[in-house]
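Residue-level structural notes
Listed below are the residues making up each chain.
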Amino acid sequence: MSSQSQSIQTLLDAEKEAAKVVQQARQYRTQRLKDARSEADKEIADYRKQKDEEFKRFEAERSGSTQSVQTSIDKDTELKIAAINEAFEKNREAVVKKLLERVVEVHPEMHRNITKVT
Amino acid sequence: MASRSGPLNDDEVISETSKMVAFIKQEAQEKAREIKVKADEEFSVEKAKLVRQETAAIDASFEKKRKGAETSIKIEHSTATNRARLRILAAREQHLHTLFEEARKQVVLIAQQDEKKYGELLEGLILEGLLRFLEPDVLVTCRPSDVSACEAASKRASEKYSQISGRSATIKVDGSLPKDNAGGIALSAGSGGRITIHNTLDERLTLLEDSMLPEIRTDLFGKSENRKFYT
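Residues numbered from 1 in each chain as written. Chains lettered and ligands numbered in written order. Predicted model: local features only at pLDDT ≥ 70, side-chain atom pairs only at ≥ 80, totals over all residues. Heavy atoms only, no water.

1. Re the packing of helix 1 (residues 10–113) of chain B against helix 5 (residues 213–221) of chain B
Residue and element names in this part refer to chain B. For the pair helix 1 and helix 5, interaxial distance at closest approach is 12 Å and the crossing angle is 105°. When the interaxial angle is binned, helix 1 and helix 5 end up roughly perpendicular. Contact with helix 1, carried on its side by Arg92, His95, Leu96, Leu99 and Phe100, involves Leu213, Ile216, Arg217, Leu220 and Phe221 of helix 5 and no other residues of that element. Of the residues assigned to the contact of helix 1 with helix 5, the class counts are 7 nonpolar, 1 polar and 2 charged. (Axes fitted to C-alpha atoms, helices over the stretch in contact; angles between N-to-C directions. Helix = DSSP H or I, 4+ residues; strand = E, 2+ residues; numbered from the N terminus. Parallel < 35°, antiparallel > 145°, perpendicular 65-115°, else oblique. Contact = heavy atoms within 4.5 Å. Nonpolar A, V, L, I, M, F, W, Y, C, P; charged D, E, K, R; others polar.)

In structure tokens, the structure reads:
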């Protein structure tokens, strides 16, 4: 009966087609997983770039402030040193005099635990 | 489907075959759809997971970097403040040094200016030594130029010593201090001169440089602004 074998052939062809359809779906799935990876990578790279720029801006701000702090400290120090120099010049003579006075100041005393021998 | 027994005729076969073909097709498409839907789901989940993981890691690393930068800035500030403080201290130290040098230059003048006063000074220095030693035999060493002044001073000192302590001492004077010394005396006593007292003007100045430091500081630079405790 050729019609029988024809039918069977038709069915077999249909099965083949069906298998192809399912196979395509499976390939789609595999591709989707790859896409997930590549799209994720792109998003991540964008995020990283954005964070990088943020950080660079942050650093630029901070370094500016450090410079200004350093200058203000230096200025402050210069003032203090100038004040010290001034004070020194004003008082040095008096202090030298005091030192020399004490060099010749003598207080000969016997130790308080020693008794006089009579 | 008409249920009747017997083999099917050709038309029926074709119709049944078509139905089966349709059925097979439909099943395949449903299955394919299922697979696709699931694939899309998995796509979203997987992508979200990857993005979340990596962005969390990126955030963490930037946070660390930021903290590191802040710490290093704090360190820089602290180093700058410290350096400034050290500069100020160094300036003060330098001034002290200048001052002490000046004092040392002027110490030599003491012995030269007033003879009577210098004689009294020698007497006081010798007496100080005697009262420290409490020894009966003492050797006084002075500059060669001071020998006679010293001998006179020793006599007076020895008398005062006996008055104060009730003890007596014999003093020998020796002019072996280097002659470019500023003045003053050294004393030695004890068997073989084992105890010595350096009562030279130079030595006294050195001791004063140390013991007068707090006073000098306030006299030169004013009281300390940060200090809270004084004994």
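Having seen it, we continue.
2. Observations concerning unusual backbone geometry
All names here are of chain B. Here the phi dihedral of Leu134 falls at roughly 55°; this positive angle occurs in a residue that is not glycine. By secondary structure assignment, the location of Leu134 is in the loop between helix 2 (115–133) and strand 1 (137–141). Judged by its relative accessible area of 23%, Leu134 is partly exposed. (Buried < 20%, exposed > 50% of the residue type's maximum accessible area, 1.4 Å probe, protein only.)

3. Observations concerning the interface of chain B and chain A
Accessible area lost upon the coming together of the parts is a frequently used measure of interface size. With 72 residues of chain B at the interface, the matching set in chain A holds 62 residues. With both chains or domains summed, chain B and chain A bury close to 6,400 Å², and 72% of this area falls on carbon and sulfur atoms. Linking chain B with chain A are 11 salt bridges. Arg102 of chain A serves as the salt-bridge partner of Glu215 of chain B, at 2.9 Å between the closest nitrogen and oxygen. Run the count over chain B and chain A and you get 21 residue pairs in polar contact (both at pLDDT 80 or more). Going through the elements one at a time, helix 1, helix 2, helix 3 (147–165), helix 4 (201–211) and helix 5 of chain B are the ones with two or more residues in the side of chain B that touches chain A. Considering every element that reaches the side of chain B that touches chain A, the biggest residue donor is helix 1 of chain B, with 49 residues. (Buried area = accessible area lost by both parts, 1.4 Å probe. Salt bridge = Lys/Arg side-chain N within 4 Å of Asp/Glu carboxyl O. Polar contact = N/O pair within 3.5 Å; in protein donor to acceptor, adjacent residues only side chain to side chain.)

4. A few points about the pairing of strand 1 of chain B
All names here are of chain B. When strand 1 meets strand 2 (residues 170–174), the two strands line up parallel, connected through 5 bridges. Counted as the bridge partner of Leu139 is Lys172 from strand 2. Note that the unit made of strand 1, helix 3 and strand 2 has a crossover that is right-handed. Looking at chain direction, strand 1 and strand 3 (residues 184–189) are connected through 4 bridges and run antiparallel. When the bridges of strand 3 are listed, Val140 appears paired with Leu187. (Pairing = 2+ DSSP bridges. Right-handed = clockwise from strand over helix to strand, strands pointing away.)

5. Let's talk about the packing of helix 1 of chain B against helix 4 of chain B
Residue and element names in this part refer to chain B. Running from N to C, helix 1 and helix 4 cross one another at 150°; their axes reach a closest spacing of 10 Å. Between helix 1 and helix 4, the angle falls in the class roughly antiparallel. Note that helix 1 runs across helix 4; the crossing there is right-handed. Side by side, helix 1 and helix 4 meet where Phe100, Ala103, Arg104, Val107 and Ile110 of the first sit next to Leu201, Asp202, Leu205, Thr206 and Glu209 of the second. In terms of residue class, the contact of helix 1 with helix 4 is made up of 6 nonpolar, 1 polar and 3 charged. (Left-handed = near helix turned anticlockwise from the far one by under 90°.)

6. Structural notes on the nonpolar core
Among the nonpolar cores identified, the biggest contains 48 residues, and Leu99 of chain A together with Leu99, Ile126, Ile185, Leu187 and Leu220 of chain B are the most heavily contacted of them. Of all the secondary-structure elements, those providing two or more residues to this core are helix 1 (2–104) of chain A together with helix 1, helix 2, strand 1, helix 3, strand 3, helix 4 and helix 5 of chain B. Summarising the domain contributions, this core has at least three residues from each of domain 1 (13–113) and domain 2 (115–220) of chain B. Discounting residues that sit within four places of it in the chain, Leu99 of chain B has contacts with Phe88, Arg92, Val95, Val96 and Leu99 of chain A together with Leu220 of chain B. Listed in part, the 10 residues of the second largest apolar core include Val22 of chain A together with Ile24, Ala32 and Ile35 of chain B. (Core = buried A, V, L, I, M, F, W, Y, C linked by side-chain atoms within 4.5 Å. Domains from an automatic or database assignment.)

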